[in-house]
Amino acid sequence: ELLLRNYAGIQLYQEARDFVTCVEREGVLTPISAVLALRATIGTGDLDAALVQVKKLAALLRTSISGDAPAAAPKSIMQQLIAVAAQKSALPRLLQELYSCRLCTSW
């Protein structure tokens, strides 16, 4: 986790993603590491890869953003994800994916 934080801190997002791939292969990815991996993926601007990570983390994110005082980190992650989707003109796709993961509800 410390290595991932440091990669993200100095914006070495691709290196962080490569590290996560190795950790996932070994089966030792923790929930915190998974969130850091999502942040790194968003940092690369790769919406497709970010959505794959969101699907993997959907249950954890649902728990973190529900309730009276949602955690700041998942809120920040969602804001960054929305920004990437907007840059790629893919907001409808993002909303559909979030809806399918039960991370947003229809109006």
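Thresholds applied
Residues numbered from 1 in each chain as written. Predicted model: local features only at pLDDT ≥ 70, side-chain atom pairs only at ≥ 80, totals over all residues. Heavy atoms only, no water. Helix = DSSP H or I, 4+ residues; strand = E, 2+ residues; numbered from the N terminus. Buried < 20%, exposed > 50% of the residue type's maximum accessible area, 1.4 Å probe, protein only. Contact = heavy atoms within 4.5 Å. Areas by Shrake-Rupley, 256 points an atom, 1.4 Å probe, with all protein chains shown as cover. Axes fitted to C-alpha atoms, helices over the stretch in contact; angles between N-to-C directions. Parallel < 35°, antiparallel > 145°, perpendicular 65-115°, else oblique. Left-handed = near helix turned anticlockwise from the far one by under 90°. Nonpolar A, V, L, I, M, F, W, Y, C, P; charged D, E, K, R; others polar. pLDDT = per-residue confidence, 0-100. Salt bridge = Lys/Arg side-chain N within 4 Å of Asp/Glu carboxyl O. Expected span 1.5 Å × (residues − 1). Arc of directions from axis to C-beta.

**Side note on the overall build of the protein chain**
Now for step 1: Looking only at helices and strands, the protein chain has 6 helices and 0 strands in total.
Now for step 2: The secondary structure elements of the protein chain, listed N-terminal to C-terminal, are α-α-α-α-α-α.
Now for step 3: Each of the 107 residues in the protein chain was classed as buried or not, and the buried ones make up 33%.
Now for step 4: For the protein chain, the proportion of contacts with a sequence separation of at least 24, taken over those separated by at least 6, is 58%.
Now for step 5: With an accessible surface of roughly 6500 Å², the protein chain has 57% of that area assigned to carbon and sulfur atoms.

**Points about the packing of helix α2 (residues 13–26) against helix α3 (residues 31–44)**
Now for step 1: Where α2 contacts α3, the axes come no closer than 8 Å and their chain directions differ by 140°. In terms of orientation, α2 lies oblique with respect to α3. When the axes of α2 and α3 are compared, the crossing they make is left-handed. Contact with α2, carried on its side by Y13, Q14, A16, R17 and V20, involves A37, R39, A40, T41, G43 and T44 of α3 and no other residues of that element.
Now for step 2: Residues belonging to the contact of α2 with α3 are distributed by class as follows: 5 nonpolar, 4 polar and 2 charged.

**Points about the confidence of the model for the protein chain**
Detail in the predicted coordinates should be disregarded across regions flagged by low pLDDT.
Now for step 1: Per-residue confidence for the protein chain gives a mean pLDDT of 78; residues scoring 70 or more make up 75%.
Now for step 2: Of all helices and strands in the protein chain, the one with the weakest mean pLDDT is helix α1 (residues 2–9) (68), whereas helix α6 (residues 91–100) scores best (91).

**Brief notes about the pattern of salt bridges**
Now for step 1: Throughout the structure, instances matching the rule amount to 2 salt bridges.
Now for step 2: One salt bridge in this structure joins D48 and R93, with 2.7 Å as the shortest N-O distance. Here D48, found in helix α4 (residues 47–65), pairs with R93, found in helix α6; they are 45 residues apart in sequence, far enough to count as distant.
Now for step 3: Across the pair K55 and E97 runs a salt bridge, and its minimum N-O distance is 3.2 Å. Here K55 is found in helix α4, whereas its partner E97 is found in helix α6, with 42 residues between them in sequence.
Now for step 4: By relative accessible area, which is 47% here, K55 ends up partly exposed.

**Notes on the environment of P31**
Now for step 1: Mapped onto the secondary structure, P31 falls in helix α3.
Now for step 2: Separated by 26 residues in sequence, P31 and L57 place their C-alpha atoms 8.1 Å apart.

**Comments concerning α3**
Side chains of residues three or four places apart in an α-helix project in the same direction, reflecting 3.6 residues per turn.
Now for step 1: Over its 14 residues, α3 runs 20 Å from end to end, which matches the ideal 20 Å to within 8%, given 1.5 Å per residue.
Now for step 2: When α3 is considered as a whole, its buried residues turn out to be S33, A34, V35, L36, A37, L38, A40, T41 and I42.
Now for step 3: Note on α3: the residue one or two positions beyond its end, G45, has a positive phi of about 80°.

**What about α2?**
Now for step 1: An ideal rise of 1.5 Å per residue puts 20 Å on 14 residues; α2 measures up with 20 Å between its terminal C-alpha atoms.
Now for step 2: Among the residues of α2, those classed as buried are A16, V20 and V23. In a view along the axis of α2, the buried residues occupy a sector of 65°, so they form one face of it.
Now for step 3: Trailing α2 by a residue or two, G27 shows a phi angle of about 75°, which is positive.

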